[in-house]
Amino acid sequence: MDKIDFTGRVAIVTGAGGGLGRLHALALAERGAKVVVNDLGGAVDGSGGSASAAQKVVDEIKAKGGEAMANGASVTDFDAVQAMVQQAIDTWGRVDILVHNAGILRDKSFGKMELADFRLVVDVHLMGGVHLCKAAWPHMVEQKYGRIVLTTSSSGLYGNFGQSNYGAAKMALVGLMQTLSIEGAKSDIRVNCLAPTAATRMTEGLLPPEVLEALKPEAVVPAMLVAVSEQAPSRMIFAAGAGTYEAAHVTLTKGVHLGLTPTRPSAWRPRWSRCATAAAKPCRRSAASRAATRWGRRWPRAADPASGGTCAPVLTSPPRLKERNKNMSTLSDRLATLTPERLRGIRRGIEKESLRAQPGGTLALTPHPAALGSPLTHPHITTDFSESQLELVTGVHGNVDAALAELSQIHQVVYQGLAALGDEMLWVSSMPCGLPTDETIPLGRYGSSNVGRAKSVYRMGLGHRYGRRMQTISGIHYNWSLPGLSNDNYFALIRNFRRNAVVLLYLFGASPAVCSCFVAGRDHELQPMGANTMGLPHATSLRMGRLGYQSDAQAQLAVSYNSLESYAASLEEALTKPYPAYEAVGIQNPGGDYNQLATTLLQIENEFYGTIRPKRVIRPGERPLHALRERGVEYVEVRLMDLDPFEPIGLNADTARFLDLFLLHCLLEDSPPDSPDEIAAVKNNQHLTAARGASPACCCSAWASP
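All values derive from a computational prediction rather than experimental measurement.

Reading the values: the criteria
Residues numbered from 1 in each chain as written. Predicted model: local features only at pLDDT ≥ 70, side-chain atom pairs only at ≥ 80, totals over all residues. Heavy atoms only, no water. Helix = DSSP H or I, 4+ residues; strand = E, 2+ residues; numbered from the N terminus. Buried < 20%, exposed > 50% of the residue type's maximum accessible area, 1.4 Å probe, protein only. Contact = heavy atoms within 4.5 Å. Areas by Shrake-Rupley, 256 points an atom, 1.4 Å probe, with all protein chains shown as cover. Pairing = 2+ DSSP bridges. Salt bridge = Lys/Arg side-chain N within 4 Å of Asp/Glu carboxyl O. Axes fitted to C-alpha atoms, helices over the stretch in contact; angles between N-to-C directions. Patch = residues over 30% accessible without salt bridge, like charges linked within 9 Å, V, L, I, M, F, W, Y side chains within 5 Å. Expected span 1.5 Å × (residues − 1). Arc of directions from axis to C-beta. Polar contact = N/O pair within 3.5 Å; in protein donor to acceptor, adjacent residues only side chain to side chain.

## Some points on the overall build of the chain
Within the chain, the regular secondary structure consists of 22 helices and 18 strands. When burial is assessed residue by residue, the chain has 53% of its 706 residues classed as buried. A fraction of 72% describes how many contacts in the chain between residues 6 or more apart in sequence connect residues 24 or more apart. By element, 55% of the accessible surface of the chain is carried by carbon and sulfur atoms, the whole surface being about 31500 Å².

Here it is, written out as structure tokens:
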């Protein structure tokens, strides 16, 4: 990047009085370009105006020994833009580079948007780019040289709620770029679009602080410099943000040929699904919005209009890509070990939690039905935290269909038992139904034996520590094993699973809203979404977010998954070191009743919240951690899956098979050791995806890449 030199070149940058535009202007000037710093000096919505913003940037450039001039023209005024271009010609004799960065926002849903706001946004973004290119075009044609970057956006490429005006203008700039690239090729005028993901004035208030920190606009500038360099490609859509650089493409599927004879819709309609999925699929999110979640990719080779050949990749491969190429043989070796016999040896089992609810949508406060057996000893039907929270457990199965068939049979037994007693049903969502006051939520009861009493006291402790409401959240646990895996193999899988778990939250998260009673009296950021309902517009899984299975006390735990030894050591400390807040609760209350099992950070190992756990079937009276240390990992327990409210049993075969493939991917992928920084980033990514994962602007931290 440092070899790019713009000495003798003249650049015009619009919207350069601050933010990303300012950085563009400074970067061009630092590399020798003479720069026209254009900025109207208005607010984000386009109101107001002042020449001071542009002049400050000019002063910065001159203070570093560069050449620049300020210009306060509005890009919506073609005469003023022409005068700006002419001023550059009169002063420096040419115009070589255009960076159209000027923009405003006037966001509203389409139904509520005034046409005046729609037109103004289109005028600034689209017509501003047209005016700039039109004014400079004859000069570039005459000098047989030009480099143009038009700023587009993921909102144009992929859409975004409340930005119909902005998205329409930004996608129109892509169409303008496509045509100008063709028309300008014979004059060596190369035109590209840049889709930045960066924190600017226009994103303030739209993104949380932690995301804004990751999206520093400085990370976008290198893509702009490449796109306006002498060796620049043309007709490209550069996507840049959070240190990752990619290219977006407009694609077609392979399609279906029906012949030239007239065709009725009835002949076309059944073939549509084949046509839509035959080849390239439209992406639901922009490449830039995923920039922080994956390692960088090299730019594709692009046609060089000047030579008729191809130019070298415009960015070098990042180190992680080189490492991956080096590890391809290792991946091949790993794949070779997955023989058909081993794959047939995959075993899975399912644990499903559900609340018993009344027809009106409130928690059933009745005891565990006797017809369903003892929750302490029944192998398939027990209770979780609450007496009103059933847990259904399948056996171990060699295929997905068998596991789901058994879960369906257990469901049928439960409903038959509930129907015989009244009109209770199972709540279908992970986030709870209408709840009574916290202290009224009944704890699970397991009888008077020592084991049964310990289970009840453990739940009493959970209530004191985290509140009973949080414990009524339900989910699906997917237990999985593959023959021939060592402890190290399982922990490598677990590290990669944690790094990539946001994929599952994005695809299968099904708890974006909750009954308002769940957050009553608590601090939260949820928004009203109807009567008695709170949620977030882009949430995927509130269950796995800050309102779900979370603990401020456990947040201080940085459990290492680098080996069985490091994992066990991390939990051992939490199981043996007293925690002041829990010491204050005490083991027993003044009346002698037990409050909790221990005053340590964790009462038992299962109290540790995680998206995935290493597991071992324990013997009677044995602690889980002891079993792991003595006999090693037997299987993993996937714990982040929400109940699917549209499936009768909360999970379908396609999702279960996806989990099988996802776990195999995590096993085969290279898995470097984790670190405290990565552990923190993984947790942050989980919270971001849970609360805002469905937003095109949601970007996770690159720390979470293997």
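Moving on, there is more to tell.
## Some details on the pairing of strand E7 (residues 237-241)
The buried count for E7 comes to 5 of 5 residues, which makes it a mostly enclosed element. On E7, burial covers both faces: Ile237, Ala239 and Gly241 on one face and Phe238 and Ala240 on the other are all buried. Bridging between strand E6 (residues 189-196) and E7 involves 4 bridges; their strand directions are parallel. Its bridge partner being in E7, cysteine 193 is matched across the sheet by isoleucine 237. Relative to strand E8 (residues 244-248), E7 runs antiparallel, the two being bridged by 5 bridges.

## Quick look at the environment of alanine 43
Summarising the element assignment, alanine 43 is placed in the loop between strand E2 (34-38) and helix H2 (52-63). Each C-alpha atom, one on alanine 43 and one on leucine 105, is 9.5 Å from the other, the two residues being 62 residues apart in sequence.

## Details of the pattern of salt bridges
Taken as a whole and judged by the stated rule, the model has 24 salt bridges. Of the charged contacts, one joins lysine 615 and glutamate 637 as a salt bridge, the two residues approaching to 3.3 Å between their closest N and O atoms. Taken together, the residues span a long stretch of sequence, with lysine 615 in strand E17 (residues 612-615) and glutamate 637 in strand E18 (residues 635-641) at a distance of 22 residues. Like glutamate 637, lysine 615 is buried. When the shortest N-O distance is used, the salt bridge between glutamate 634 and arginine 616 registers 3.5 Å. Taken together, the positions of glutamate 634 in the loop between helix H20 (624-631) and E18 and arginine 616 in the loop between E17 and H20 put the pair 18 residues apart, joining distant regions of the chain. Accessibility expressed as a relative area gives 31% for glutamate 634, which makes it partly exposed. Among the residues examined, arginine 616 registers a relative accessible area of 22% and is labelled partly exposed. It is possible to trace a salt-bridge network through shared partners that takes in Arg9, Arg94, Asp96 and Glu230.

## Some words on the sheet that holds E8
The 8 strands are arranged E3-E2-E1-E4-E5-E6-E7-E8 in an open sheet whose pairing can be described as mixed. Looking at strand neighbours, the two that pair on one side only are strand E3 (68-71) and E8, the edges of this open sheet. Between one strand axis and the next, the sheet turns by 20° as a mean value, whatever way the strands run. Across the face of the sheet, helix H6 (residues 164-184) comes into contact with strand E4 (97-100), strand E5 (146-151), E6 and E7 while running at roughly 160° to E6.

## Here's the deal with the pairing of E18
Among the 7 residues in E18, 7 count as buried, and that is most of the element. With 4 bridges connecting them, strand E13 (residues 476-481) and E18 associate as antiparallel partners. Counted as the bridge partner of isoleucine 476 is methionine 641 from E18. Relative to E18, E17 is paired through 4 bridges, and the arrangement is antiparallel. Following the sheet pairing, lysine 615 is matched in E18 by tyrosine 635.

## What to know about a nonpolar patch on the surface
Taken together, the side chains of Val503, Leu507 and Phe658 define a hydrophobic patch exposed on the protein surface, amounting to about 210 Å² of accessible area. Counting through the fold element by element, leucine 507 comes out in helix H17 (residues 487-508). Residue classification places leucine 507 among the partly exposed positions, given a relative accessible area of 39%.

## Observations concerning the environment of proline 580
Inspection of the secondary structure puts proline 580 in helix H19 (residues 580-585). For the pair proline 580 and leucine 601, spaced 21 residues apart in sequence, the C-alpha separation works out to 8.8 Å.

## Brief notes about helix H14 (residues 400-421)
Quick reminder: α-helices carry 3.6 residues per turn. Residues three or four places apart thus point the same way. Helix length check: H14, at 22 residues, gives a terminal C-alpha distance of 32 Å against a target of 32 Å (1.5 Å per residue), a fit within 8%. Of the residues making up H14, those classed as buried are Val400, Ala403, Leu404, Glu406, Leu407, Ile410, His411, Val414, Gly417 and Leu418. Looking down the long axis of H14, one finds its buried residues gathered within 160° of arc, a one-sided arrangement. Looking at H14, the residues exposed on the side facing more than 90 degrees away from the buried face are Gln416, Ala419 and Ala420. In this structure asparagine 399 caps H14, since a side-chain oxygen of it lies 3.2 Å from the backbone nitrogen of aspartate 401.

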